[in-house]
Amino acid sequence: MKAKSLHFSKSGSAQIIASELGRVYQSVCDQIPPAYPCEGEKVVFVGVEMNGKVPGPVDRFCRDLTPARAKNVAIYVINGSGSTDGVKDLCAAMEQKGVHAVTPLGISVKSSLFKKGMPTDEDVKKTLDWAEKLIANELK
């Protein structure tokens with residue numbers, strides 16, 4: 001399966017999961033914006049650390065995708081609440097362009113005043129299970 005695993009975060013928390021997705025699906029793992037553009041991907045996994053608004057680079061990258069670049073986009077959001085509300089408009093915009101945006105996954109990672117939270121092994125497993133179900137059932 002042709003896939004890419006991309007990530008965007010200031011603390012590096014999304015990279016942990018993106019790297020594991022890349023390893024499992026034997027795909028390129030890169031930051032957003034990626035060094036090489038997407039071309040003919042079956043699925044692009046997008047990991048983003050955010051609270052509220054989608055970061056500009058992620059928004060521009062996703063809105064620039066076309067069905068020729070990526071048939072499916074699977075976004076997982078890392079924040080303190082596990083909410084995916086911030087990516088709903090972005091998913092709708094991709095759908096309007098013909099790129100299938102699968103139901104996003106929210107991952108709750110708690111931070112403290114002095115330390116950024118990092119995903120646990122359970123968070124990584126949850127994401128891999130989500131990805132496996134998507135590939136088996138939801139991808140076009």
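This text follows the structure it describes.
Every chain is numbered independently, its residues counted from 1 as its sequence is written. The model is predicted, so local features are restricted to residues of pLDDT at least 70 and side-chain atom pairs to those at 80 or more, both for listing and for counting; the totals for chains, interfaces and linings are taken over all residues. Remark: hydrogens and water are excluded; side-chain values derive from all non-hydrogen atoms of the structure.

Student: Kindly report on the packing of helix H2 (residues 56-63) against helix H3 (residues 88-96), identifying the contributing residues and their values.
Tutor: Think of each axis as a best-fit line through the C-alpha atoms, taken over the contacting stretch in the case of a helix, with angles from 0 to 180 degrees between the N-to-C directions. Strands here mean DSSP runs of E at least two residues long; helices mean DSSP runs of H or I at least four residues long; both are numbered from the N terminus. Remark: H2 packs on H3, axes separated minimally by 9 Å, with the N-to-C direction vectors making an angle of 20°. The angle between H2 and H3 places the two elements in the roughly parallel class. H3 is crossed by H2, and the crossing has right-handed handedness. Contacts from Val58, Asp59, Cys62 and Arg63 of H2 reach H3 at Asp89, Leu90, Ala93 and Met94. Under the convention adopted here, Pro, Cys and the residues Ala, Val, Leu, Ile, Met, Phe, Trp and Tyr are nonpolar, Asp, Glu, Lys and Arg are charged, and Gly plus all remaining residues are polar. For the contact of H2 with H3, the residue count by class is five nonpolar, no polar and three charged. Each angle is binned into one of four classes, with values under 35 degrees roughly parallel, values over 145 roughly antiparallel, values of 65 to 115 roughly perpendicular, and all other values oblique. Crossing handedness is read from the near helix: turned anticlockwise from the far helix by less than a right angle, it gives a left-handed crossing, and turned clockwise, a right-handed one. Here, residues are in contact when the closest pair of their heavy atoms is within 4.5 Å.

Student: Tell me what's going on with the nonpolar core, and back it up with residues and numbers.
Tutor: Val46, Val58, Phe61, Leu65, Ile75 and Met94 are the most contacted members of the largest nonpolar core, which has 23 residues in total. Mapped by element, the contributors of at least two residues to this core are strand S1 (3-8), strand S3 (41-49), H2, strand S4 (70-79) and H3. When residues in this core are grouped by element, the largest group, four residues, is from S4. The criterion is simple. A nonpolar core is a set of buried Ala, Val, Leu, Ile, Met, Phe, Trp, Tyr and Cys residues joined through side-chain atoms within 4.5 Å. We call a residue buried when its accessible area falls under 20% of the maximum for its residue type, exposed when it is over 50%, and partly exposed in between, using a 1.4 Å probe and counting protein chains only. Listed in part, the 21 residues of the second largest apolar core include Ile17, Val43, Ala74 and Val124.

Student: Could you give me a rundown of the pairing of S4, with the residues and numbers involved?
Tutor: If a strand is regular, its side chains alternate between the two faces of the sheet. Counting buried positions along S4 gives nine out of 10 residues, so the element sits mostly inside the fold. Two strands are counted as paired when DSSP detects at least two bridges linking them. Judged from the eight bridges that link them, S3 and S4 form a sheet pairing that is parallel. Along S4, the bridge assignment pairs Val43 with Asn72. Call a crossover right-handed when, viewed with both strands pointing away from you, the route from the first strand across the helix to the second goes clockwise. Handedness of the crossover is the feature at issue here: the chain leaves S3, passes through H2, returns alongside S4, and the resulting connection is right-handed. Inspection of the sheet shows S4 paired to strand S5 (residues 100-101) by two bridges, in the parallel sense. Among the inter-strand pairings, Val73 is bridged to a residue of S5, identified as Ala101. The parallel pair S4 and S5 is bridged by H3, and the resulting crossover is right-handed. As judged from the four bridges shared by S4 and strand S6 (residues 105-108), these two strands associate in the parallel manner. Note on S6: the bridge partner recorded for Val77 is Gly106.

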